[in-house]
Amino acid sequence: MAKYLITGASGFIGGHVAERLASDGHQLRCLVRETSNVEALEPLGAELVLGSITDRAAVESAVKDVDVVIHLAGMTSAQRYKQMLQVNRDGSWQVARACAGQARPPLLLLVSSIAAAGPVARGRIRSEHERPSPISNYGTSKRAGEVAVEQFAGQVPTTIVRPGVVF
């Protein structure tokens, strides 16, 4: 089985991803903040690495010797746009850079947001080849995270997904 790192594992999507991977027998490592509620992760046998997504040393430690990184950590709202950029752009850059620094870079899955693409006209389907045009601070910061990760795509096998509304 594979060894996975999940950032944002204490969140809604991350918690469900962690449960699924653990039930399939994979090893889990989770980068979590000291303030994160990890009650759901502990019974899964997840190795917890304490630190922020913007902390270079914590991210490097978390990425070391994993096969796959699922990067879910993100900030949806903030007092200041700069804070959102620090997490969604700079944190994503830290993760991709740490992956690129491995002797055998792990697969990197960045979970972005449909907000990074921006709106499309009613009745139209957006093509992945269309230029993104986010209209919110959140969408702009998530797009900036995509661009940050794309810088390492030549070194790190990378996939970016943009889920819509999550229930």
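Right above here is the structure, for reference.
This section reports on the structure supplied with the text. (Residues numbered from 1 in each chain as written. Predicted model: local features only at pLDDT ≥ 70, side-chain atom pairs only at ≥ 80, totals over all residues. Heavy atoms only, no water.)

### A closer look at the overall build of the chain
Right, on to step 1. Along its length, the chain carries four helices and six strands.
Right, on to step 2. The principal-axis extent of the C-alpha atoms belonging to the chain is close to 45 × 35 × 30 Å.
Right, on to step 3. Intrachain contacts of the chain at a sequence separation of at least 6 include 63% that bridge at least 24 residues.
Right, on to step 4. Total accessible area on the chain is roughly 9,400 Å²; 51% of this is exposed by carbon and sulfur atoms. (Helix = DSSP H or I, 4+ residues; strand = E, 2+ residues; numbered from the N terminus. Contact = heavy atoms within 4.5 Å. Areas by Shrake-Rupley, 256 points an atom, 1.4 Å probe, with all protein chains shown as cover.)

### Overview of the state of the cysteines
Right, on to step 1. Under the definition given, this model contains zero disulfides.
Right, on to step 2. Counting only cysteine sulfurs, C99 is the nearest neighbor of C30, a cysteine outside any disulfide, at a range of 15 Å.
Right, on to step 3. Residue classification places C30 among the buried residues on the basis of a relative accessible area of 0%. (Disulfide = S-S within 2.5 Å. Buried < 20%, exposed > 50% of the residue type's maximum accessible area, 1.4 Å probe, protein only.)

### Thoughts on the nonpolar core
Right, on to step 1. Counting residues in each nonpolar core, the largest one holds 22 residues, and the members touching the most others are L31, V69 and L108.
Right, on to step 2. Only α2 (56–63), α3 (81–100) and β5 (107–111) provide two or more residues apiece to this core.
Right, on to step 3. Among the elements that take part in this core, α3 stands out by supplying six residues, more than any other.
Right, on to step 4. Those residues in contact with L108 that lie beyond four places of it in its chain are V69, H71, V95, A96, C99, V149, V156, P157, T158 and T159.
Right, on to step 5. Y4, L28, I70 and V111 belong to the second-largest nonpolar core, a separate cluster that totals 16 residues. (Core = buried A, V, L, I, M, F, W, Y, C linked by side-chain atoms within 4.5 Å.)

### Describing the pattern of salt bridges
Right, on to step 1. For the structure on display, the rule yields twelve salt bridges.
Right, on to step 2. Among the ionic pairs, R126 bridges to E130, the shortest N-O distance being 4.0 Å.
Right, on to step 3. Here E146 makes a salt bridge to R162, at a shortest N to O gap of 2.7 Å. Pair noted here: E146 is in helix α4 (residues 137–150) and R162 is in the segment after β6 (158–161), with a separation of 16 residues, a long-range link.
Right, on to step 4. Taking relative accessible area as the criterion, E146 reaches 1% and is therefore assigned buried.
Right, on to step 5. We classify R162 as partly exposed; its relative accessible area is 29%.
Right, on to step 6. Because the salt bridges share partners, they merge into one network encompassing R143, E146, E150 and R162. (Salt bridge = Lys/Arg side-chain N within 4 Å of Asp/Glu carboxyl O.)

### Considerations on the packing of α2 against α3
What describes two packed helices is the angle between their axes and the distance between those same axes.
Right, on to step 1. Between α2 and α3, the shortest axis-to-axis distance is 9 Å and the interhelical angle comes to 50 degrees. Taken as axis vectors, α2 and α3 run oblique relative to one another. Crossing hand, α2 versus α3: right-handed. On α3, the residues that touch R56, V59, E60 and V63 of α2 are Q94, V95, R97, A98 and C99.
Right, on to step 2. Grouping the amino acids of the contact of α2 with α3 by side-chain chemistry returns five nonpolar, one polar and three charged. (Axes fitted to C-alpha atoms, helices over the stretch in contact; angles between N-to-C directions. Parallel < 35°, antiparallel > 145°, perpendicular 65-115°, else oblique. Left-handed = near helix turned anticlockwise from the far one by under 90°. Nonpolar A, V, L, I, M, F, W, Y, C, P; charged D, E, K, R; others polar.)

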